[in-house]
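# Coordinates in review
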Amino acid sequence: MPYKSFEEYNMKVTDDVKNRYESIIKDLGEDTQREGLVKTPERAAKAMQFLTQGYDQDPVEILKTAMFKESYNEMVIVKDIELYSLCEHHILPFFGKAHIAYIPDGQIVGLSKLPRIVDVFARRLQVQERLTEQILDCINDTLKPQGVAVVIEASHMCMMMRGVQKQNSITTTSGFRGQFEKIETRNEFLKLIGK
Ligand SMILES: [Zn+2]
């Protein structure tokens, strides 16, 4: 169901998560009956379901709905795709940009589908390294292009707000398949995204 809007929340999950948030907020020393907090457990439960909705979505189906035969065989780049995810070690956000390129081999994909599959994989508990690989493999295995490249640059709240408290560090991950394993092709892509 790739196009289902996320307005209907699962009542049972919402209720279970809400009750747990209520006890977590108490354990952290707050008064859950305070005016501003009364509805917080329910809001948090819905927010977390929204932020992890990628588990219920199928990225392969999303790509397959918009693949077209086409003879164009030069590099296609979608850069600066906004990305928001949750680090699976601390359940804190990491966010930044993804840059994706591929070289078609007889078929192209609707450009809006690339940001969509970034969202599907990002809206799960993640590490940036696996997120990069999953986007790469999904495009490679489904579209079967001559090559595909993914670069992700992200800031991690678990580094910025806690731990080492490095506010300005950006983590970069990248992966390359097919033609992009050649140094010239890879360098052309990196140059075009300004790296
Ligand atoms: Zn973390």
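Since the structure is predicted, the reported quantities are computational estimates derived from the model, not experimental observations.

### Re unusual backbone geometry
- The phi dihedral of D80 falls on the positive side, at around 55°, and the residue is not glycine.
- The topology assignment puts D80 in strand β2 (residues 76-87).
- Judged by its relative accessible area of 40%, D80 falls in the partly exposed class.
- Phi angles above zero are rare outside glycine, and I91 is one such case at about 50°.
- Relative to the helices and strands, I91 is located in the loop between β2 and β3 (92-103).
- You can call I91 partly exposed: its relative accessible area is 44%.

### Some remarks on the coordination of the zinc ion
- Coordination sphere of the zinc ion, protein contribution only: C87 (SG), H90 (ND1) and C158 (SG), at 2.1 to 2.2 Å.
- Positions of the donor residues of the zinc ion, expressed as sequence spacing, correspond to C-x2-H-x67-C.
- Among the residues examined, C87 registers a relative accessible area of 6% and is labelled buried.
- Residue classification places H90 among the partly exposed positions, given a relative accessible area of 35%.

### Some points on the pattern of salt bridges
- Evaluation of the coordinates by the stated rule reveals eight salt bridges.
- A salt bridge links D80 to K97, with the shortest nitrogen-to-oxygen separation between them at 3.9 Å. With D80 in strand β2 and K97 in strand β3, this residue pair connects regions lying 17 residues apart in the sequence.
- One salt bridge in this structure joins R130 and E88, with 2.7 Å as the shortest N-O distance. Highlighted residues: R130 in helix α5 (residues 128-143) and E88 in the loop between β2 and β3, separated in sequence by 42 residues.
- The exposure class of R130 is partly exposed, given its relative accessible area of 31%.
- Linked by salt bridges that have partners in common, E133, D137 and R177 make up one network.

### Some remarks on the UniProt feature "binding site: Zn(2+)" (unreviewed entry) in the protein
- The feature "binding site: Zn(2+)" (unreviewed entry), as given by UniProt, occupies C87, H90 and C158 in the numbering adopted here. On the basis of their most widely separated C-alpha atoms, the annotated residues across 72 residues gather in one place, lying no more than 7.9 Å apart. Considered against the largest pocket, the annotated residues that line it turn out to be C87, H90 and C158.
- Take C158: it is sitting in helix α6 (residues 157-160).
- Those residues within four positions of C158 in sequence are excluded, and the remaining contacts are C87, H90, L92, P93 and G163.

### Topic: the layout of surface pockets
- Of the pockets and cavities examined, the largest pocket occupies roughly 180 Å³.
- If you go around the largest pocket, the residues you meet are C87, H89, H90, Q126, V127, Q128, E129, H156, C158, M159, T171 and T173.
- Taken together, the elements giving at least two residues each to the lining of the largest pocket come down to α5, α6 and β7 (171-178).
- Its residues placed into classes, the lining of the largest pocket shows four nonpolar, seven polar and one charged.
- Its volume calculated, the second largest pocket comes out at about 150 Å³.

What counts, and at which threshold
- Residues numbered from 1 in each chain as written.
- Predicted model: local features only at pLDDT ≥ 70, side-chain atom pairs only at ≥ 80, totals over all residues.
- Heavy atoms only, no water.
- Helix = DSSP H or I, 4+ residues; strand = E, 2+ residues; numbered from the N terminus.
- Buried < 20%, exposed > 50% of the residue type's maximum accessible area, 1.4 Å probe, protein only.
- Donors = N, O, S within 2.8 Å, 3.2 Å for Na, K, Ca; no water.
- Salt bridge = Lys/Arg side-chain N within 4 Å of Asp/Glu carboxyl O.
- UniProt positions renumbered as here; feature names shortened; annotations may be inferred.
- 1 Å grid on protein atoms, 1.4 Å probe; cavity = no way out; pocket = protein on both sides within 12 Å on 5 of 7 lines; lining within 4 Å.
- Contact = heavy atoms within 4.5 Å.
- Points joined across faces, edges and corners; volume = space filled by probe spheres on them.
- Nonpolar A, V, L, I, M, F, W, Y, C, P; charged D, E, K, R; others polar.

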